[in-house]
Amino acid sequence: MNPIRTFSTDGVPALITRQGGGGWVTSLGPGAWRLSLTATSSSTYALAQLDDYLHLPRSRFRWQAPFQLNLEARASASDLPGTWGFGLWNDPFAMPLVVRGSARRWPALPNAVWFFYASPQNALTLYDGLPPNGFLAATFSSPTWPSLTLLPAMPILAGLLWPPTARWLRRLLRHFIRQDTRRLDHDVTTWHHYSIHWQPNHVRFSADGNIVFETTIVPQGRLGLVIWIDNQYAAYTPQGQVRFGLEAMPPAWLEIRGLRIAGE
């Protein structure tokens, strides 16, 4: 990872950069940034990210309902490899000491509320009726059990290597992880205004002042702000296929401006 920088802006919490594999973050003014990736092969993980939780344990992540996020965004292409997006999550797949200076966090069940783009290589849902990729408004809701309570279940994950067991685990996980997702059909290469309104029992997503998705599947616990672009993919298909890896990436960027947050 490249050296960490911190951006402070009136009305916005201090945001920390994570940059690697030819990724970098450039300030474009108050509340505005370009997250860029150089052309990258499928053998290199490329990341440009802003977040506000690098040094924090999950119990001290800043945001919970009621919360409101407003920003404008555009991407360099509508069909980029990998993923990009903006919103809140609990960084569920973190491992200790992945980034120098980061807080030690073990994996947890996912909680998130965000606008999320996933390339066709991705299949990011446990539910057959929900869109697995594309430009999405999405929420994940899971129990906030301490990470250590999940350790006895870790050997079960070996079953992901065998499709029949992986299909059974996919159904089992639906009892613990709820999800709601809507694919959005608009041109992400032009500026749009996005907002997320997260209440204790309800989430509303809007684009350009129009409500595009509402759900009562709401995240649990405290979450951290994240804005990112990378070349990673992950899939857990209804057929029980589990795959993850990196995609070759052309030069790409995600631009953000007018970031404003209100919450507890």
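Right above here is the structure, for reference.
Remember, predicted model here, so these are calculated numbers, not experimental data. (Residues numbered from 1 in each chain as written. Predicted model: local features only at pLDDT ≥ 70, side-chain atom pairs only at ≥ 80, totals over all residues. Heavy atoms only, no water.)

Enquirer: Hey, could you run me through the pattern of salt bridges in this one?
Expert: Side chains that differ in sign of charge can pair as their charged atoms come close. Summed over the entire model, instances satisfying the criterion amount to six salt bridges. With a closest N to O distance of 2.8 Å, arginine 74 and glutamate 255 form a salt bridge. Here arginine 74 is found in strand β6 (residues 67-75), whereas its partner glutamate 255 is found in strand β17 (residues 252-263), with 181 residues between them in sequence. Accessibility expressed as a relative area gives 6% for glutamate 255, which makes it buried. Beyond isolated ion pairs, a larger network of salt bridges with shared partners links Arg34, Arg74 and Glu255. (Salt bridge = Lys/Arg side-chain N within 4 Å of Asp/Glu carboxyl O. Helix = DSSP H or I, 4+ residues; strand = E, 2+ residues; numbered from the N terminus. Buried < 20%, exposed > 50% of the residue type's maximum accessible area, 1.4 Å probe, protein only.)

Enquirer: Is there a simple way to think about the pairing of strand β8 (residues 112-118) in this case?
Expert: Looking along a regular strand, one sees side chains alternate from face to face of the sheet. In terms of burial, β8 is a largely internal element, seven of the seven residues being buried. Alternating residues of β8 divide into Ala112, Trp114, Phe116 and Ala118 and Val113, Phe115 and Tyr117, and every residue in both groups is buried. Sheet topology places β8 next to strand β9 (residues 134-141); seven bridges connect them, and they run antiparallel. By the bridge assignment, tyrosine 117 is partnered in β9 with phenylalanine 135. (Pairing = 2+ DSSP bridges.)

Enquirer: Is there a simple way to explain the packing of aromatic side chains in this structure?
Expert: Aromatic ring pairs: the centre-centre distance and the angle between the two ring planes describe each pair. Taken as a whole, this structure holds 16 aromatic pairs when the rule is applied. Aromatic pair tryptophan 114 and tryptophan 228: ring centres 5.3 Å apart, planes at 45°, arrangement tilted. Pair noted here: tryptophan 114 is in strand β8 and tryptophan 228 is in strand β14 (residues 224-230), with a separation of 114 residues, a long-range link. You'll find tryptophan 114 and tryptophan 228 in the same group, each marked buried. When the ring of phenylalanine 115 is compared with that of phenylalanine 205, the centres are 5.2 Å apart and the planes differ by 85°; the resulting orientation is edge-to-face. (Phe/Tyr/Trp six-rings, centres within 6.5 Å; stacked < 30°, edge-to-face > 60°.)

Enquirer: Looking at this model, I keep getting lost on the side chain of asparagine 133. Mind explaining?
Expert: The topology assignment puts asparagine 133 in the loop between β8 and β9. In this structure the side chain of asparagine 133 is engaged in a polar contact, spanning 3.5 Å, whose partner is the backbone oxygen of proline 120. When sequence neighbours within four positions are dropped, the list of residues in contact with asparagine 133 reads Ala118, Ser119, Pro120, Asn122 and Arg183. (Polar contact = N/O pair within 3.5 Å; in protein donor to acceptor, adjacent residues only side chain to side chain. Contact = heavy atoms within 4.5 Å.)

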